[in-house]
Amino acid sequence: MSRVATTVGLYPLPDWAKDDLSELKGHQKEDLISGNEDQRVKAAYDRACREILDRQLDAGLDRVVEGQLRWDDMLGYPFAVHDAVETGGIVRYYDNNNFYRELVVTGELTFDGTLANELDGVTSYVSDTPAQAVLPGPYSLVDLATDEYYGDDRAFLAGVAEFLAAEGEALSDVETVFVLEPSLAVNPPGDHATIGTDDVADALTVVADAFDAEVVVHSYWGALPEDVYTAALNARIDGLGYDLVSAAEETLATVEEYGAPDTVALGVVDGQNTRVESVREIDERVGRVEDAANVGKAYLTPNTGLFYLPVTRADAKLDVLGRATSVSEVDV
């Protein structure tokens, strides 16, 4: 199994950027990112992004991400800045102590280039290291948002998939795409009477078909139910992600029974705990997957975004991921 060191994005802001942006943006809900920020705010985010890219290169990651530093709404960001979406009160994310603005879709989700604009300059800045795009998955966006336009959940899911596909077609020069789908594990399709697992597979296929890159659908905060897992295996995607931190036993049991795609993403580092894993610990988690299924390539990544952590701890986890791809480092 070949190993590729990467992350699922969603990095913590550097301390200087928190201070600068607090002064530039303010502290209230209405001061969260809306897509209409002035040049000083954009310049601060751009500088922070370059710092994050340099940090990933120093850690020896094989794929680098933009960092999603602008994403005040962790997964709902493409909706929160869209003209067809109204933002309301603050809502808790799943069972975590994090929040996002209520997202109400009031019109057609037409292409606006938000995700592509974020990646402008990244690929040229890191021309010697492949870039990786990160976007929320269609099912998770439907699960988190309220629809007042499409009429039913299935039509809403199809509309969101088409929206993300249009955004994907505008992305260029990325080697890999991670589609983040925690709702597939936390609130699976069985909780939505009108959405079936085949609908989810179709939506993921629509998104994946838009990219000329390897597309990996990554879920976390739990294991996929068996029917969702088998449907995902039937989607036209390149790889699946597994949370080996919070749901290792359930995940491995599913892999042993149903197999795995040739490409996987393995959440081997805890994105919500400050303890830094050893290379040996990571290698043991990878080894359990190798024992359970015949896999050709594994992206080694935190199970979630690193924004939960202090910058120094997030940096340390980048370092250990970079080292974990080298067999010679396993005994360290």
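Above this note sits the structure.
Everything in this summary refers to the structure shown in the same document. (Residues numbered from 1 in each chain as written. Predicted model: local features only at pLDDT ≥ 70, side-chain atom pairs only at ≥ 80, totals over all residues. Heavy atoms only, no water.)

Let us look at the packing of aromatic side chains. Per the stated rule, a full pass over the model turns up 12 aromatic pairs. When the ring of Tyr93 is compared with that of Tyr94, the centres are 6.1 Å apart and the planes differ by 35°; the resulting orientation is tilted. Across the pair, exposure class does not vary: Tyr93 and Tyr94 are buried alike. Ring geometry for Tyr93 against Tyr100: centres 4.3 Å apart, planes inclined by 40°, an arrangement best described as tilted. Residue Tyr93 is classed as buried on the basis of its relative accessible area, which comes to 0%. (Phe/Tyr/Trp six-rings, centres within 6.5 Å; stacked < 30°, edge-to-face > 60°. Buried < 20%, exposed > 50% of the residue type's maximum accessible area, 1.4 Å probe, protein only.)

Attention now moves to the environment of Val268. By secondary structure assignment, the location of Val268 is in strand E10 (residues 263-269). When the C-alpha positions of Val268 and Glu281 are compared, they lie 8.5 Å apart, and in sequence the two are 13 residues distant. For Val268, the contacting residues outside a window of four places in its chain are Leu244, Val245, Glu277, Ile282, Arg285, Val286, Leu300, Thr301 and Leu321. (Helix = DSSP H or I, 4+ residues; strand = E, 2+ residues; numbered from the N terminus. Contact = heavy atoms within 4.5 Å.)

For Asp270, the location among the structural elements is in the loop between E10 and helix H12 (279-292). Notably, Asp270 is buried but unbridged: the nearest opposite-charge side chain belongs to Lys317, and the N-O separation is 5.5 Å. A polar contact is formed between the side chain of Asp270 and the backbone nitrogen of Gln272, at a distance of 2.9 Å. Those residues in contact with Asp270 that lie beyond four places of it in its chain are Val245, Glu277, Asn303, Leu309 and Lys317. (Lys, Arg positive; Asp, Glu negative; His and termini not counted. Salt bridge = Lys/Arg side-chain N within 4 Å of Asp/Glu carboxyl O. Polar contact = N/O pair within 3.5 Å; in protein donor to acceptor, adjacent residues only side chain to side chain.)

What follows deals with helix H11 (residues 248-258). For H11, the full list of buried residues reads Ala248, Thr251, Leu252, Thr254 and Val255. Down the axis, H11 shows its buried residues gathered within 160° of arc, on one side only. Facing away from the buried side of H11 by over 90 degrees, the exposed positions are Glu249, Glu256 and Glu257. Elements in contact with the buried residues of H11: helix H10 (226-234), strand E9 (239-243) and H12. Gly259 sits one or two positions beyond H11 and adopts a positive phi of about 80°. (Arc of directions from axis to C-beta.)

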